[in-house]
Amino acid sequence: MFALTLLGRWCALRLKGVEHWLMEPVDSRAYASVRIAFALSALSIWLDLWPLRLELFSNAGNFGPPIPQEVTRLNLFQWVSGTTGVSLVFAGVLVAIVCLGLGFGQRISALFVYLWFTSYSAAAALALGGFDTVARLTSFLVAVSPVSSAWTLPRKAEAGRAPRYGLRLLQWQLALIYWITVWLKAPDHFWRQGEVVSHFGVSMFARNPNPAFADLGVWDPLLTWGTLLIETLVPVLLWKRSTRWVGLCLGLVLHGTIAVLGKLELFSLSMLPMYLAFLEDSDFERFARLVNLLRNSGSDSQPV
Amino acid sequence: MNSSTATRVALAKRWIGCGLVLFHMVAVSIANLAEGTKLSAQLHRAVDPYVRFFGQWQEWDMFTTVPLYLSIEGRVVAKLPDGSEHEYPPVLPGLVPAPDNLRYVSMFARVVWAKRSFRWHSERYLSALCRAIGTREGVKPKSIRLEIDTQTIRPLKQIRQDGEIAEARTFKAEEVACSP
């Protein structure tokens, strides 16, 4: 009987811990930064898709008129497939993305943007990149996350508190992306040999493919294995408060390099909101102190 | 509603919320399990309806090996009823050349080396091409196939020797009949 009571107490304590882990009130500026970064990445993807909208989503385009797809997927383009209709949907999504970024009607804007992402992913699966997947998953998590009153244009509200669950979902998704990709890459011959960066540099994914990349020497394995190491470590580093800034810097270096040297800037942009989901009160305070310091040192150096 | 009932309702809502969040985490984790492993079939069956409906399907197999091409360009080859073969640019509407966008590179590669999961979309694309060519020629082709002209990256050792990155290679998708 005593053992059962002890077990019951232990379980209750664990459950309380889980509840705290998911529902603890946190600085809502984290949600605001995720929302704004997501609006920016969604806008970039919208700009990439706008010229292709009739080719990929209209009944005159590559996939012809819609035929009854599996009804198990949300797909707006099943019902709207005329050329004018598709353009109108895109125009509406642009308005929703801007509203989301500025903080107008956040929930409804986020839901509409999410519906667009999941619809175009279902309609034109052949023409998707990894960044579409990242943005689609983020759009869902933004749509179900608490609405943040911080950093909105309608009113300059004080940063409030909001339950943490939306940030936890984004953090979990980021960890899955990196760890699954490492799991899939690690057995490959070229990743093991340390020859991936040189191949990337001469491929269609490079911004300026150049034969010089074939001769990277010792840098090739260092950069190839370094990529795997960063992808493995970043989720852990971001999770721990004491190493969060190291994780942010490593992620910035990884995705910044990919965006500059490769044609994959949309992927780098679409990963940004998930990184911001790790920020906490202390990070915002530290950032504000840094900005103040820079501002003060700037005003000190002004000639009198 | 008295205060203790209100507290209980709030607590219940909180726990339902926790349950949903944990379910989502488990579902997206299972969505990443490779199909074909012993456990995955049952687990996938349990979460697939949720994953599909809410658009949570995901694959992180980008760059699981090195990129193999410097460029990929697609074209359509149609066999007309008189037996002659004609080439067309691969993009609709209008059978125009593909714009310079990595999305089209992925699309052509997926049609030619079609994975099972893309078959439904590939068939739709090829049917639309059959109709468009039929409208242009006034007669529906007997069959069509997508071909891709690539610049295939040579072994690094050879690139170091002469500075030539790639060599031309063409790949053909299987021919599909155009339905009458």
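On a predicted model such as this, the values are computed, not experimentally measured, just so you know.

Topic: the overall build of chain B
Then, in step 1: Scanning chain B from terminus to terminus reveals five helices and five strands.
Then, in step 2: Traced from its N-terminal end to its C-terminal end, chain B shows the element sequence α-α-β-β-α-α-β-α-β-β.
Then, in step 3: The C-alpha radius of gyration of chain B comes to 25 Å, more than 25% above the 16 Å expected for a compact globule of 180 residues.
Then, in step 4: Along the longest, intermediate and shortest principal axes, the C-alpha atoms of chain B span 80 × 50 × 35 Å.
Then, in step 5: When burial is assessed residue by residue, chain B has 24% of its 180 residues classed as buried.

Considerations on the overall build of chain A
Then, in step 1: Within chain A, the secondary structure is distributed over 13 helices and two strands.
Then, in step 2: Viewed in the frame of its principal axes, chain A has a C-alpha envelope of about 75 × 65 × 55 Å.
Then, in step 3: Within the span of chain A, comprising 304 residues, buried residues form 44% of the whole.
Then, in step 4: For chain A, the share of sequence-separated contacts (at least 6 apart) that also reach a separation of at least 24 residues comes to 69%.

Considerations on the nonpolar core
Then, in step 1: Residues Val 34 and Val 113 of chain A together with Leu 129 of chain B are the most contacted members of the largest nonpolar core, which totals 103 residues.
Then, in step 2: Here this core gets 11 residues from one element, more than from any other, and that element is helix α2 (residues 29-49) of chain A.
Then, in step 3: Residues within four places of Val 34 of chain A in sequence aside, it is in contact with Val 142, Leu 170, Pro 273, Leu 276 and Ala 277 of chain A.
Then, in step 4: Residues Phe 213 of chain A together with Ile 153, Leu 156 and Ile 159 of chain B belong to the second largest nonpolar core, which totals seven residues.

Notes on the packing of helix α7 (residues 165-185) of chain A against helix α1 (residues 3-31) of chain B
Then, in step 1: Following both chains from N to C, one finds α7 of chain A and α1 of chain B inclined at 10°, their axes separated by 10 Å at the closest point. Taken together, the axes of α7 of chain A and α1 of chain B lie roughly parallel to each other. Where α7 of chain A approaches α1 of chain B, its residues Tyr 165, Arg 168, Leu 169, Trp 172, Gln 173 and Leu 176 of chain A are matched on the opposing element by Gly 17, Val 21, His 24, Met 25, Val 28 and Ser 29 of chain B.
Then, in step 2: Taken together, the residues of the contact of α7 of chain A with α1 of chain B sort by class into seven nonpolar, four polar and one charged.

Examining the interface of chain B and chain A
Then, in step 1: Taken residue by residue, the interface counts 55 residues in chain B and 56 residues in chain A.
Then, in step 2: Those elements giving two or more residues to the side of chain B that touches chain A turn out to be α1, α2 (40-53), β1 (69-79), α3 (102-112), α4 (119-137) and α5 (156-162) of chain B.
Then, in step 3: Taken together, the residues of the side of chain B that touches chain A break down into 31 nonpolar, 16 polar and eight charged.

A look at the pairing of strand β3 (residues 143-153) of chain B
All names here are of chain B.
Then, in step 1: One ladder, built from 10 bridges, connects β1 with β3; its direction is antiparallel. If you follow Ser 71 over to β3, its bridge partner there is Gln 151.
Then, in step 2: Across two bridges, β3 lies against strand β5 (residues 176-177) in antiparallel orientation. Across the sheet, the residue bridging to Ile 144 is Val 176, located in β5.
Then, in step 3: Summarising the sheet, β3 and strand β4 (residues 166-172) pair through seven bridges and their orientation is antiparallel. Pairing of Gln 151 across the sheet is with Ala 168, part of β4.

Considering unusual backbone geometry
Then, in step 1: Residue Pro 93 of chain B follows Leu 92 of chain B across a cis peptide bond; omega there is 5°.
Then, in step 2: Along the chain, the position of Pro 93 of chain B falls in the loop between β2 (85-88) and α3.
Then, in step 3: If you check the backbone angles, Trp 151 of chain A has positive phi at about 50° while not being a glycine.
Then, in step 4: Turning to its location among the elements, Trp 151 of chain A is positioned in the loop between α6 (130-144) and β2 (161-163).
Then, in step 5: In this structure Trp 151 of chain A comes out as partly exposed when scored by C-beta crowding, with 18 C-beta atoms within 10 Å.
Then, in step 6: Even without being a glycine, Phe 63 of chain B presents a positive backbone phi close to 55°.
Then, in step 7: Position of Phe 63 of chain B among the secondary structure elements: in the loop between α2 and β1.

A word on α2 of chain B
Residues and elements named next belong to chain B.
Then, in step 1: Helix length check: α2, at 14 residues, gives a terminal C-alpha distance of 19 Å against a target of 20 Å (1.5 Å per residue), a fit within 8%.
Then, in step 2: Helix geometry: α2 is bent most strongly at Val 47, by close to 50°, with proline Pro 49 lying one to four residues after it.
Then, in step 3: Count one or two residues on from α2 and you reach Gly 55, which has phi positive near 70°.

Focus on helix α11 (residues 244-261) of chain A
Residue and element names in this part refer to chain A.
Then, in step 1: End to end, α11 covers 26 Å across 18 residues, agreeing with the expected 26 Å (1.5 Å per residue, within 8%).
Then, in step 2: Residues of α11 that are buried: Gly 247, Gly 251 and His 255. Looking straight down α11, one finds its buried side chains confined to an arc of 40°; they lie on one side. Away from the buried face of α11 by more than 90 degrees, exposed residues Cys 249, Val 253 and Val 260 are located.
Then, in step 3: Buried residues along α11 sit against α10 (219-239) and α12 (265-276).

Things to note about the pairing of β1 of chain B
All names here are of chain B.
Then, in step 1: Of the strand pairs in this sheet, β1 and β2 are connected by four bridges, and their pairing is antiparallel. Opposite Lys 79, over in β2, you have Glu 85 as the bridge partner.
Then, in step 2: The antiparallel pairing of β1 with β2 creates a hairpin that spans five residues between the two strands, and Gly 83 there sits at a positive phi of about 95°.

Observations regarding the environment of Glu 87 of chain B
Then, in step 1: In this fold, Glu 87 of chain B is placed in strand β2.
Then, in step 2: It is 36 Å that separates the C-alpha atoms of Glu 87 of chain B and Gln 161 of chain B, two residues lying 74 residues apart in sequence.

As for the packing of helix α1 (residues 2-23) of chain A against α1 of chain B
Then, in step 1: Contact geometry of α1 of chain A with α1 of chain B gives a least axis separation of 10 Å together with a crossing angle of 80°. Classified by the angle between their axes, α1 of chain A and α1 of chain B sit roughly perpendicular to one another. Contacts between α1 of chain A and α1 of chain B involve Val 18, Glu 19, Leu 22 and Met 23 of chain A on the former and, on the latter, Arg 14, Gly 17, Cys 18 and Val 21 of chain B.

Digging into the confidence of the model for chain B
Then, in step 1: A residue-level look at chain B finds 99% of positions with pLDDT of 70 or above and a mean pLDDT of 92.
Then, in step 2: Our summary of model confidence lists the complex with pTM equal to 0.93 and ipTM equal to 0.93.

Some remarks on the environment of Trp 116 of chain A
Residue and element names in this part refer to chain A.
Then, in step 1: Mapped onto the secondary structure, Trp 116 falls in helix α5 (residues 106-123).
Then, in step 2: Along the chain, Trp 116 and Trp 46 lie 70 residues apart, while their C-alpha atoms are 10.0 Å from each other.
Then, in step 3: The contact partners of Trp 116, leaving out residues within four places of it in the chain, are Leu 76 and Val 93.

The rules behind these values
- Residues numbered from 1 in each chain as written.
- Chains lettered and ligands numbered in written order.
- Predicted model: local features only at pLDDT ≥ 70, side-chain atom pairs only at ≥ 80, totals over all residues.
- Helix = DSSP H or I, 4+ residues; strand = E, 2+ residues; numbered from the N terminus.
- Rg over C-alpha atoms; globule rule 2.2 N^0.38 Å.
- Buried ≥ 20, exposed ≤ 12 C-beta atoms within 10 Å, placed from the backbone.
- Contact = placed C-beta atoms within 7 Å.
- Core = buried A, V, L, I, M, F, W, Y, C linked by C-beta atoms within 7 Å.
- Axes fitted to C-alpha atoms, helices over the stretch in contact; angles between N-to-C directions.
- Parallel < 35°, antiparallel > 145°, perpendicular 65-115°, else oblique.
- Nonpolar A, V, L, I, M, F, W, Y, C, P; charged D, E, K, R; others polar.
- Pairing = 2+ DSSP bridges.
- Expected span 1.5 Å × (residues − 1).
- Bend = angle between axes of the 7 residues up to and from the residue.
- Arc of directions from axis to C-beta.
- pLDDT = per-residue confidence, 0-100.

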